[in-house]
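Residue strings, one per chain:
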Amino acid sequence: MELRELGGTGLRVSAVGFGASPLGNVFGDVPRDAARAAVRRALDLGVNFFDTSPYYGGTVSESVLGDCLRHAAVPRDQFVVATKCGRYKDEGFDFSAARVTRSIDESLARLGLDYVDILHAHDIEFTNLDQIVNETIPALQKIKESGKARFIGITGLPLIIYPYVLDRVPPGSVDVILSYCHFGINDTSLVDLLPYLKSKGVGVITASPLAMGLLTDSGPPEWHPAPEQLKSACRAAAEHCSKKGKNITKLAMQYSLMNNEISTVLVGMNSSKQVEENVAAALELSTSGIDEELHEVEAILEPVKNVTWPSGIEQS
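From a predicted model like this one, the values you see are computed outputs, not experimental measurements.

For the rest of this paragraph, the subject is the side chain of Ser61. Within the secondary structure layout, Ser61 lies in helix α2 (residues 60-72). Excluding its chain neighbours within four sequence positions, the residues that come into contact with Ser61 are Ala20, Ser21, Leu23, Gly24, Thr52, Ser53 and Tyr56.

Okay, here's the thing in structure tokens:
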């Protein structure tokens, strides 16, 4: 598995990252032995980056991931763990300094770790961004100074949140960003922001290469916020691949791995089989390149290119 530098952190993370939200049973029940086997298989195949949050499954994802990593019994310096703060299943959003400071201690206890490698403020578009600038990030800096988190980041859907915050905090205050649903076959809008992020020395993580289920044979969950025109185009693209004997999920995964300026692509996994399929897709890309079918899929999705959906509160 290819390792890539994550901004200026010095961390080297696997191109395929293990999204641990499914371990919180958010997409259906995951037996503990299956979760342990998935994490073990990921480590064996060179996946070293694991991402979770207290929000996923109402803290279940963190607890299960911690158990899986302990069960795998690999040295702490062999894996990179990111978790988040500010968004909670039962409490909603709370980015206050007091809450995020308490949050890291709770997360470390669940994970069974002395520190996390990255602590993100989770989905910051759901609060006033000036609170993130003036209160949350200074609190995260103190957590970083304490050694409980090595690096800090911010996450969210609207790309506008990143320059808003990064332009208002001291240089070097934010080490990484985690963007989702903006670097895939149907939406490449994150690319326009990459030179800016590089100029700020910020590492880039992307998630949801399958656009939260849009780019799958089974289609998105009922609650998916995408407009109908986007869902319809993605359905057509999946059907086109299916008729040609291709897998749109693999194609989407490979597409998201093609840009080396994005350090890691997070994809939710809950079984050894899923781990093996995602790693195989990455290895095939590095040896054979991407399937020529991509061009036809891009043509089907062209009318809805970069179509997204609203997320969070209106910022003044």
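Here the narrative resumes, following the displayed structure.
Once that is clear, we can look at a nonpolar patch on the surface. A cluster of nonpolar side chains, Val26, Phe27 and Trp223, forms an exposed patch at the surface whose accessible area comes to about 370 Å². One can find Phe27 in the loop between β3 (16-19) and α1 (32-44). You can call Phe27 exposed: its relative accessible area is 59%.

Our focus in this paragraph is the environment of Arg32. Relative to the helices and strands, Arg32 is located in helix α1. By relative accessible area, which is 41% here, Arg32 ends up partly exposed. Between the C-alpha atom of Arg32 and that of Cys68, which follows or precedes it by 36 residues, the distance is 8.3 Å. Not counting residues within four places of it along the chain, the set of residues in contact with Arg32 comprises Val64 and Asp67.

Moving on, we get to helix α9 (residues 272-288). Its 17 residues place the ends of α9 24 Å apart at the C-alpha level, agreeing with the 24 Å of an ideal helix rising 1.5 Å per residue. Within the sequence span of α9, burial applies to Val275, Asn278, Val279, Ala281, Ala282 and Leu285. Down the axis of α9, the smallest arc covering the buried residues is 145°, so these residues share one side. Exposed side of α9, more than 90 degrees from the buried face: Lys273, Thr287 and Ser288 are the residues found there. Those residues of α9 hidden inside the fold are in contact with β3, α1, α8 (248-257) and β12 (264-268).

Along the chain, Gly147 turns up in the loop between α4 (129-146) and β9 (149-156). With 119 residues separating them along the chain, Gly147 and Leu266 place their C-alpha atoms 25 Å apart. Ignoring any residue separated from it by four or fewer positions in sequence, one finds Gly147 in contact with Asp114 and Tyr115.

The next thing to look at is the pairing of β3. Neither face of β3 is exposed, since Val16 and Phe18 on one face and Gly17 and Gly19 on the opposite face are all buried. In the sheet, β3 pairs with β12 via four bridges, with the strands oriented parallel. Paired with Phe18 across the two strands is Val267, which belongs to β12. Pairing of β3 with strand β4 (residues 49-51) involves two bridges; the strand directions are parallel.

So, how was this worked out
Residues numbered from 1 in each chain as written. Predicted model: local features only at pLDDT ≥ 70, side-chain atom pairs only at ≥ 80, totals over all residues. Heavy atoms only, no water. Helix = DSSP H or I, 4+ residues; strand = E, 2+ residues; numbered from the N terminus. Contact = heavy atoms within 4.5 Å. Patch = residues over 30% accessible without salt bridge, like charges linked within 9 Å, V, L, I, M, F, W, Y side chains within 5 Å. Areas by Shrake-Rupley, 256 points an atom, 1.4 Å probe, with all protein chains shown as cover. Salt bridge = Lys/Arg side-chain N within 4 Å of Asp/Glu carboxyl O. Buried < 20%, exposed > 50% of the residue type's maximum accessible area, 1.4 Å probe, protein only. Expected span 1.5 Å × (residues − 1). Arc of directions from axis to C-beta. Pairing = 2+ DSSP bridges.

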